[in-house]
Amino acid sequence: MDFVFRNGLVYREGKFVSEDIRVSNGVCVPMDGSSGADTRVFDCTGLVLLPGFVDVHVHLREPGFSYKETIETGTKASARGGYTTVCAMPNLSPTPDTAEHLKPQLDAIAADACIRVIPYGAITVDRKGEKLADFDAIASNVVAFSDDGSGVQETGMMEKAMLEAKRVGKCIVAHCEDNALLHGGYIHDGEYAKAHGHLGICSESEWGPIARDLELVRKTGCSYHVCHISAKESVELIRKAKAEGLDVTCETGPHYLVLDDSKLEEDGRFKMNPPLRSAEDREALIQGICDGTIDMIATDHAPHSAEEKSRGLKGSAMGIVGIETAFALVYTHLVKTGVITMERLMELLHDAPNRRFGFDGGLDLGARADFTIFDLNHSYKIDPEEFLSKGKSMPFIGWEVQGRCRMTVAGGKIAWTDGEMEEIG
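Residues numbered from 1 in each chain as written. Predicted model: local features only at pLDDT ≥ 70, side-chain atom pairs only at ≥ 80, totals over all residues. Heavy atoms only, no water.

Draft legend 1. Fine view of the layout of surface pockets. Each pocket or cavity is described by its volume, and for the largest pocket that value is around 270 Å³. Lining the largest pocket are 14 residues; nearest its centre among them are Y11, P51, H350, D351 and D364. Those elements that provide at least two residues to the lining of the largest pocket are β2 (9-12) and α12 (342-357). The element contributing the most residues to the lining of the largest pocket is α12, with four residues. (1 Å grid on protein atoms, 1.4 Å probe; cavity = no way out; pocket = protein on both sides within 12 Å on 5 of 7 lines; lining within 4 Å. Points joined across faces, edges and corners; volume = space filled by probe spheres on them. Helix = DSSP H or I, 4+ residues; strand = E, 2+ residues; numbered from the N terminus.)

Draft legend 2. Examining the pairing of strand β19 (residues 413-417) more closely. As paired strands, strand β18 (residues 400-410) and β19 are joined by four bridges and run antiparallel to one another. Bridged to M407 within β19 is T417. Here β18 hands over to β19 after two residues, with G411 in that stretch at a positive phi of 60°. (Pairing = 2+ DSSP bridges.)

Draft legend 3. Layout of the packing of helix α4 (residues 155-168) against helix α6 (residues 204-220). Packing of α4 against α6 leaves a shortest axis separation of 10 Å and a crossing angle of 45°. Overall, the two elements α4 and α6 adopt an arrangement that is oblique. Where α4 crosses over α6, the handedness of that crossing is right-handed. Here T155, M158, E159, M162, L163 and K166 of α4 come into contact with α6, specifically with R212, D213, L216, V217, K219 and T220. For the contact of α4 with α6, the residue count by class is five nonpolar, two polar and five charged. (Axes fitted to C-alpha atoms, helices over the stretch in contact; angles between N-to-C directions. Parallel < 35°, antiparallel > 145°, perpendicular 65-115°, else oblique. Left-handed = near helix turned anticlockwise from the far one by under 90°. Contact = heavy atoms within 4.5 Å. Nonpolar A, V, L, I, M, F, W, Y, C, P; charged D, E, K, R; others polar.)

Draft legend 4. Quick peek at the environment of H378. Checked against the element boundaries, H378 lands in strand β17 (residues 371-381). With relative accessibility at 24%, the residue H378 sits in the partly exposed group. C-alpha of H378 to C-alpha of R404: the two residues are 26 residues apart in sequence and 5.9 Å apart in space. Looking at H378, its side chain comes within polar contact range of the side chain of R406, at 3.2 Å. (Buried < 20%, exposed > 50% of the residue type's maximum accessible area, 1.4 Å probe, protein only. Polar contact = N/O pair within 3.5 Å; in protein donor to acceptor, adjacent residues only side chain to side chain.)

Draft legend 5. How the structure looks around the sheet that holds strand β14 (residues 224-226). The strand order β11-β14-β15-β16 describes an open sheet built from four strands, whose pairing is parallel. Only two strands of the sheet have a single partner each, and these edge strands are β11 (172-174) and β16 (296-297). In this structure, strand β15 (residues 248-252) lies alongside β16, joined through two bridges in parallel fashion. Within β16, the residue paired with E251 across the bridge is M296.

Draft legend 6. Broad picture of empty space enclosed by the protein. Within the structure shown, the criterion is met by seven cavities of 30 Å³ or more. Empty space within the largest cavity amounts to approximately 130 Å³. Around the largest cavity sit 17 residues that line it, and R80, E324, T325, Y380 and R404 are the ones nearest its centre. Those elements that place two or more of their residues in the lining of the largest cavity are α11 (326-335), β17 and β18.

Draft legend 7. Focus on the nonpolar core. Ranked by size, the top nonpolar core spans 94 residues in total, and within it I172, Y224, F327, M342 and L345 carry the most contacts. Here this core takes eight residues from α11, the largest share from any one element. Residues F5, F42, L49 and V409 belong to the second largest nonpolar core, which totals 17 residues. (Core = buried A, V, L, I, M, F, W, Y, C linked by side-chain atoms within 4.5 Å.)

Draft legend 8. Representation of the sheet that holds β19 in the model. The strand order β3-β2-β7-β17-β18-β19 describes an open sheet built from six strands, whose pairing is mixed. In this open sheet, the two strands that pair with only one neighbour each are β3 (15-18) and β19. In this sheet, adjacent strand axes meet at a mean angle of 35° when their direction is disregarded. With four bridges joining them, strand β7 (residues 48-51) and β17 adopt antiparallel strand pairing. Paired with V48 across the two strands is F374, which belongs to β17. Against the sheet, helix α1 (residues 71-80) engages β18 and β19, with an angle of about 115° to β18.

Draft legend 9. Just the pattern of salt bridges, in detail. Applying the stated rule across the entire model yields 35 salt bridges. Among the ionic pairs, R212 bridges to D213, the shortest N-O distance being 2.8 Å. Pair check on accessibility: R212 and D213 agree, each one buried. Of the charged contacts, one joins R282 and D260 as a salt bridge, the two residues approaching to 3.5 Å between their closest N and O atoms. Linking R282 in helix α9 (residues 279-291) with D260 in the loop between α8 (254-258) and α9, this pair joins segments that are 22 residues apart in sequence. (Salt bridge = Lys/Arg side-chain N within 4 Å of Asp/Glu carboxyl O.)

In structure tokens:
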């Protein structure tokens, strides 16, 4: 099946141009004026075509926790959010630390994914930090190595992991969290925690391991990427490391850019790890995405059951969903307000993750056809009951945002459509 998309505005190098797009055999090809009988033609009047978004940090929960999410539901949700590639974290059962343990995930991806899914391999066996995973056996089938959800506590183990990752040509993607500094905390150790009697998580529990790891990067020369940074000290450490020329990148999440701990409520939908920090931290993160210190936005899409998120701030599971709303939130609160440009947003959502992790795809001629079609003028209130994800818990319920995804094309196939685009010809 070939496709033609007419009358839309196509994003090209920082601006929108009036252009028709043709897809054949999974790639973007020149418009030659002809359309075969099996070509589907869509009218994109009033819509924009953007390169497909890439999320390097999602939790699809399969195998092991399919009651929270599956490859099928998670990738459908991703496509509805405009994503054409996602990288699946290793918080699974079995943990993807050997070829045998990785296979069930690869099989589920092959059977049920509607977009491109590339898994992470674990850094250590069962993500326990005690013994390295079998890097050689799984390197060719994973995007990088991460123990996400569990920081590698022992310095010597992280150094060994960096050397192994460098040897097999992969990046270490680090969940930076010092367990010795947690003290039972579950939200940021800030004004809200003090006022409401909650145990807090200090910022040093994040930036301390980052500082340690940067020393190891200097020593090993490993490629290093920091997950979901949330603290101002983390931004400054990474800024200095980049100025020094270290091979370091990082991500933050939409929630850290538009919320801080002054907006917390006594509800599990405000609980995630790392936690929402102070307004000062949020401003530092915004400065970080403006000046290039922060390379990409990743959702850390982390679905849980309704029951797991119903126990308040103290008792609820860590994590919120967000892949179906990420673009609209950032577009509404940062692009529409003039904080960042559309060009910078596309760098954060597409260009930088593709460049860092070696992905292809987009709207260029000859490229794998990975793009998404949005109505940037459509305003609506976020309603989790509309989500395709099994997870519904997130802090943005009822927020009014602008930018609705109408269709996502992944690998030249329609991965999702809301059915509103007119088919012509």
